[in-house]
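Structural overview
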Amino acid sequence: MPRQPGKEHDVLRSLALRTAGSALGARDRSERSLHEAQEALRESHERMERMLEALTDGFCILDRDWRITYVNQRALDLAEPLGLTREGLLGKVIWDELPTLASTIVESRLDHAARTGEAVCFEFFYEAVRRWLEVRAYPSAEGMTIFVRDVTQRKQDERALIDSSNRLQLALAAGRL
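From a predicted model like this one, the values you see are computed outputs, not experimental measurements. (Residues numbered from 1 in each chain as written. Predicted model: local features only at pLDDT ≥ 70, side-chain atom pairs only at ≥ 80, totals over all residues. Heavy atoms only, no water.)

1. A look at the pattern of salt bridges
- Applying the stated rule across the entire model yields 15 salt bridges.
- Note that D57 is salt-bridged to R136, the shortest N-O span being 2.5 Å. You can see D57 sitting in the loop between α1 (5-54) and β1 (58-63) and its partner R136 sitting in strand β4 (residues 131-140), a full 79 residues away along the chain. For the pair D57 and R136, one class covers both residues: buried.
- In this structure, R131 and D150 form a salt bridge, with 3.9 Å as the shortest nitrogen-oxygen distance. With R131 in strand β4 and D150 in strand β5 (residues 143-150), the pair connects residues that are 19 residues apart, well separated along the chain. (Salt bridge = Lys/Arg side-chain N within 4 Å of Asp/Glu carboxyl O. Helix = DSSP H or I, 4+ residues; strand = E, 2+ residues; numbered from the N terminus. Buried < 20%, exposed > 50% of the residue type's maximum accessible area, 1.4 Å probe, protein only.)

Dropping the structure here:
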């Protein structure tokens with residue numbers, strides 16, 4: 001029996017349409033999955049940003065080349081007398097933007113952390129902002145995470161306690177004479 005070219009053509013056409021439909025369906029599912037993943041990533045990024053902004057400590061992230069990749073509002077508040085902005089800091093080298101910190105205990109201790117991979121914690125008086133600051137820095141393969149806390153009040157309280165103790169000792173010594 002001779003083949004009918006129309007039926008074979010219809011079968012091939014039907015198969016091609018089903019294959020194309022399957023491919024389009026797979027593409028649509030893939031695009032939907034990509035969109036959902038992008039949305040989940042965006043939401044995760046926003047959640048992380050809200051958490052970092054809620055910290056009571058200043059928070060900063062540096063890359064391996066000392067460029068600032070993130071700084072929260074509290075860190076900007078601590079440096080408020082310097083008039084720094086997030087936009088002005090991001091992507092810039094910390095030592096270029098805060099030159100008064102270069103060649104100080106800050107650079108020395110952060111450099112030590114970067115070289116050794118060991119976390120560091122130290123306090124220093126930052127004359128430019130007239131505050132005592134506690135710095136905790138955690139190096140990683142990507143760079144360094146830094147927390148900064150204003151400890152000026154604690155330092156003043158410690159000084160007052162020492163002064164009071166010294167006055168008491170002088171009074172007691174004077175009473176023995």
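2. Quick word on empty space enclosed by the protein
- As enumerated under the stated definition, the model contains one cavity of 30 Å³ or more in all.
- A75, I94, L98, L101 and V148 are the residues nearest the centre of the largest cavity, which is lined by 22 residues in total.
- Broken down by secondary-structure element, the contributors of at least two residues to the lining of the largest cavity are β1, β2 (68-71), α2 (73-78), α5 (105-116), β3 (120-126), β4 and β5.
- The leading source of residues in the lining of the largest cavity is α2, at three residues.
- A class-by-class count of the residues in the lining of the largest cavity yields 22 nonpolar, no polar and no charged. (1 Å grid on protein atoms, 1.4 Å probe; cavity = no way out; pocket = protein on both sides within 12 Å on 5 of 7 lines; lining within 4 Å. Points joined across faces, edges and corners; volume = space filled by probe spheres on them. Nonpolar A, V, L, I, M, F, W, Y, C, P; charged D, E, K, R; others polar.)

3. Let's talk about unusual backbone geometry
- The phi angle at W66 is positive, at roughly 70°, despite the residue not being glycine.
- In this structure, W66 sits in the loop between β1 and β2.
- Taking the relative accessible area as the measure of exposure, W66 reaches 18% and is therefore buried.
- Non-glycine residue S103 carries a positive phi angle of around 60°.
- Secondary-structure assignment places S103 in the loop between α4 (94-97) and α5.
- Classification of S103 as exposed rests on a relative accessible area of 71%.

4. Digging into the pairing of β4
- Most of β4 sits out of view: seven of its 10 residues are buried.
- By the bridge criterion, seven bridges tie β3 to β4 in an arrangement that is antiparallel. Within β4, the residue paired with E123 across the bridge is E134.
- Where β3 hands over to β4, the hairpin turn is made up of four residues, of which R130 adopts a positive phi near 55°.
- Here eight bridges tie β4 to β5, and the two strands are oriented antiparallel to one another. Its bridge partner lying in β5, R136 is registered against F147.
- Between β4 and β5, which pair antiparallel and follow one another directly, the connecting turn spans two residues. (Pairing = 2+ DSSP bridges.)

5. Structural notes on the side chain of D57
- Overall, D57 belongs to the buried group, its relative accessible area being 7%.
- Among the polar contacts made by the side chain of D57, one reaches the side chain of R149 at a distance of 3.0 Å.
- Apart from the residues within four sequence positions on either side, D57 is in contact with N72, R74, R136, F147, V148 and R149. (Polar contact = N/O pair within 3.5 Å; in protein donor to acceptor, adjacent residues only side chain to side chain. Contact = heavy atoms within 4.5 Å.)

6. So, the nonpolar core
- Ranked by internal contacts, the top residues of the largest apolar core, which has 27 residues, are L110, F124 and I146.
- Broken down by secondary-structure element, the contributors of at least two residues to this core are β1, β2, α2, α4, α5, β3, β4 and β5.
- Considering each element in turn, this core owes the most residues, four residues, to β3.
- Sequence-distant contacts of L110, defined by excluding residues within four places in its chain, comprise W66, W95, A137, M144 and I146. (Core = buried A, V, L, I, M, F, W, Y, C linked by side-chain atoms within 4.5 Å.)

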